[in-house]
Amino acid sequence: MKKHIMIFIAAVICFASCKKLDLTPPDKLSNATFWKTPADADLALTGIYATLYGQNGQISTYAPMWYENFSDDSYTQNNQAGAQQALIAGLTPTSGGFIGDGGSSLYINAYKGIAASNTFLANVDKVLTGDKLNEYKGEAYFIRGFNYFLLAETYGNVPVLTADPITSDFKTKVSKSTRADVLKQVEADLTQAIASLPDQKYTNGHVVKASAQGIMVRMLLFEKRYADAAAMAKTIIDGGLFSLNNNYPSNFYKPDQQSSPEIMFSVQFQAPTIPHPNSLTMILILAGYVDLQGTQDMINEYEANDPREKMTFFFPGDTPAQGWPFPGTVGKPGVNNWTAGFYPSKKWLDPKLVNPQPGLLDDQDYVWLRYADIKLMYAEAQNEAVGPDASVYQQINEVRARPGVNMPALPAGLSQADMRTKIQHERRVEFALEGLRYFDLRRWGMATTKLNGFIQNPLMPATKTIYKNNFDFWPIPQPEIDRNAPVLIQNDGY
């Protein structure tokens, strides 16, 4: 089955740089040999979801934790995702990793998902009808809208392609749309998804109505459409299908993720059939890696006695009693590639693992949307739209008061500006190492202030990061510019 899925994806992928293809090659599926039975729709839909594995070297562009290394939250000593190079040397059209790494950048991987969705939407009505057709198309609209939103958040101005790549003229060079037009496509796709997807809990990896509504809230906040964002978030809250997980860490490891009432969208794995290509546990904690280490600035953000601090990071002196996974040893800087001045990730590790080894087949799902985010996005949007009313306090305080966290309620009488600061703080500590901080800083207009000249490690004060205003748009990978010259123009400042 997996072989057929990969063949299907290969048959539908269309980049701006593609040349005219033979539409019926003997070793590929095509419109001439596919789309005959309802089973083909199932195979094709699985293929769309498979694009979310999005490999980039040892990691995946759809593994949200690696975006954290582009921010002030964490550090990658082996330049995972190209994040350390981006912060220390700056962004260029030839930057590697997620930004412009050959055939596996976020740009390329996102268009793989878009292309697979486009072919699916153009052909699925040949083999399905009725409610099943509507639901399947809703899933494809979601994946396409989600990918376009990632592109809007990162590259900003990109080509908007909605035609079936199998029947398109691949010789035609493409130009980019404005970010506003990209976001219009996101909104159109998510609106279709919301209208088509079932209004039920998220259980088996297939997106549901609230998955699309949640990403829509994120997009509306990105556009500063605060009243609309608050209204959409309130719809999810009032729907009552999701709740906060009473065990905060269990959102991030198996099998507990499968029963979490909080997860609303994730990239799912299932070992040993579908494990991570490279063990996430290995890259997080094994010697030679340890590539998601919190900064002192991140640690300083936590309030006194916030248990999420020690649920998220390891500290010097930790033993197996604190979750250190190597019996008979004590965690400390200088050992196992733990860099002095930083704090290794505990989040995303299975606490039941003892002495993990290279080759481990792990399968933590990559969580992209949690109910806690809906509550905090509501609070942010409502605060910006009308000020810190009782509903803003309620949503933040419920996140803080969940069992196992039990942080005190916010003080009464906060101004709108003070509440904004509290929300920004709460988002940072609640979602540490989940990939949201980098995007939050950019949409708040704070990235240059926070990241330009940032000292990642107080033990190495001479090493400072670089962030310029134009970095809010990543450069389009140079090979794409070259193949589509002169119509595809590079983003400003590169």
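An account of the accompanying structure is given in this report. Every chain begins its residue count from 1, and numbering advances along the sequence as written. Reporting in this predicted model follows two pLDDT cut-offs: at least 70 for local features of residues, and 80 or more for side-chain atom pairs to be given and counted; totals over whole chains, interfaces and linings ignore these cut-offs and use all residues. Hydrogen atoms and water are omitted, and side-chain values are computed over all heavy atoms in the structure.

## Considering the overall build of the protein
1) Next: The helix count covers DSSP runs of H or I at least four residues long, the strand count covers runs of E at least two residues long, and both are numbered beginning at the N terminus. Within the protein one finds 18 helices and seven strands.
2) Next: Just to be clear, the radius of gyration here is over C-alpha atoms, and the globule rule we use is 2.2 Å times residues to the power 0.38. Radius of gyration (C-alpha) of the protein: 22 Å, near the 23 Å computed for a compact globule of 494 residues.
3) Next: Seen through its principal axes, the protein has C-alpha atoms that stretch 65 × 45 × 45 Å.
4) Next: The proportion of buried residues among the 494 residues of the protein is 58%.
5) Next: For the protein, contacts bridging at least 24 residues in sequence account for 72% of all contacts bridging at least 6.
6) Next: By element, 54% of the accessible surface of the protein is carried by carbon and sulfur atoms, the whole surface being about 18600 Å².
7) Next: Charged residues are defined narrowly, with Lys and Arg counted positive, Asp and Glu counted negative, and His plus the chain ends left uncounted. In plain terms, the charge of a residue is placed at NZ if it is Lys, CZ if Arg, CG if Asp and CD if Glu. Distance from the positive charge centre (44 side chains) to the negative charge centre (49 side chains) of the protein: 3 Å. Partly exposed describes any residue whose relative accessible area lies between the buried limit of under 20% and the exposed limit of over 50%, with all areas from a 1.4 Å probe on protein chains only and scaled to the type maximum. The contact criterion used throughout is that any non-hydrogen atoms of two residues lie within 4.5 Å. Accessible surface is estimated by sampling points in the Shrake-Rupley manner with a 1.4 Å probe; for residues, cover comes only from the protein chains shown.

## Some words on helix α5 (residues 106–123)
1) Next: By this rule the span expected of a helix is its residue count minus one, scaled by 1.5 Å. Taking 1.5 Å as the rise per residue, α5 with 18 residues should run 26 Å; its terminal C-alpha atoms sit 26 Å apart, in good agreement.
2) Next: In terms of residue burial, α5 counts as a mostly covered element, since 16 of its 18 residues are buried.

## A short note on the packing of helix α8 (residues 209–222) against helix α13 (residues 371–386)
1) Next: Helix axes are fitted only over the stretch in contact, all axes being lines through C-alpha atoms; the angle between N-to-C directions runs from 0 to 180 degrees. Where α8 contacts α13, the axes come no closer than 10 Å and their chain directions differ by 30°. Taken as axis vectors, α8 and α13 run roughly parallel relative to one another. In this structure, α8 crosses over α13, and the sense of that crossing is left-handed. Counting all contacts with α8, which are made through Gly214, Val217, Arg218 and Leu221, the residues of α13 involved are Asp373, Ile374, Met377, Glu380 and Ala381.
2) Next: Only Asp, Glu, Lys and Arg are considered charged, only Ala, Val, Leu, Ile, Met, Phe, Trp, Tyr, Cys and Pro nonpolar, and every remaining residue, Gly among them, polar. Looking at the contact of α8 with α13, its residues break down into five nonpolar, one polar and three charged. Angles below 35 degrees are treated as roughly parallel, those above 145 as roughly antiparallel, those between 65 and 115 as roughly perpendicular, and all remaining angles as oblique. Put simply, a crossing is left-handed when the front helix is turned counterclockwise from the back one by less than a right angle, and right-handed when it is turned clockwise.

## A few points about the nonpolar core
1) Next: Of all hydrophobic cores here, the largest spans 141 residues; its most connected members are Trp66, Phe70, Phe142 and Trp474.
2) Next: Broken down by element, the residue count for this core peaks at twelve residues, all from helix α6 (residues 130–154).
3) Next: In this view, Trp474 contacts Tyr67, Phe70, Leu91, Phe98, Ile99, Leu106, Thr154, Tyr155, Tyr438, Arg442, Asn491 and Tyr494; residues no more than four positions away in its chain are not counted. Buried Ala, Val, Leu, Ile, Met, Phe, Trp, Tyr and Cys residues form a nonpolar core when they are joined through side-chain atoms within 4.5 Å.

## A few points about helix α2 (residues 38–50)
1) Next: The end-to-end C-alpha distance of α2, which contains 13 residues, comes to 19 Å, matching closely the 18 Å that a straight helix rising 1.5 Å per residue would cover.
2) Next: Taken together, the buried positions of α2 are Asp40, Ala41, Leu43, Ala44, Leu45, Gly47, Ile48, Tyr49 and Ala50.

## Points about the packing of aromatic side chains
1) Next: Classification of ring pairs uses Phe, Tyr and Trp, with its six-membered ring standing for Trp, and accepts pairs whose centres are within 6.5 Å; under 30 degrees between planes counts as stacked, over 60 as edge-to-face, and the remaining range as tilted. Evaluation of the coordinates by the stated rule reveals 31 aromatic pairs.
2) Next: Ring geometry for Trp35 and Phe120: centres 5.9 Å apart, planes at 70°, overall edge-to-face. Placement of Trp35 in the loop between α1 (2–12) and α2 and of Phe120 in helix α5 is noted, with a sequence separation of 85 residues between them.
3) Next: Look at Phe146 and Trp368: their rings are 5.3 Å apart centre to centre, the planes differ by 80°, and that puts the pair in the edge-to-face class. With Phe146 in helix α6 and Trp368 in strand β7 (residues 366–370), this residue pair connects regions lying 222 residues apart in the sequence.
4) Next: For Phe146, a relative accessible area of 2% corresponds to the buried category.
5) Next: Overall, Trp368 belongs to the buried group, its relative accessible area being 8%.

## Some remarks on the sheet that holds strand β5 (residues 293–294)
1) Next: Pairing in this open sheet of three strands is antiparallel, and the strands run β3-β5-β6 from one edge to the other. Each edge of the open sheet is held by one strand with a lone partner, namely β3 (74–75) and β6 (343–344).
2) Next: Note on pairing: DSSP must find at least two bridges between two strands before they are called paired. Where β3 and β5 come together, two bridges link them in antiparallel fashion. Looking across to β5, one finds that Ser74 is bridged to Gly294.

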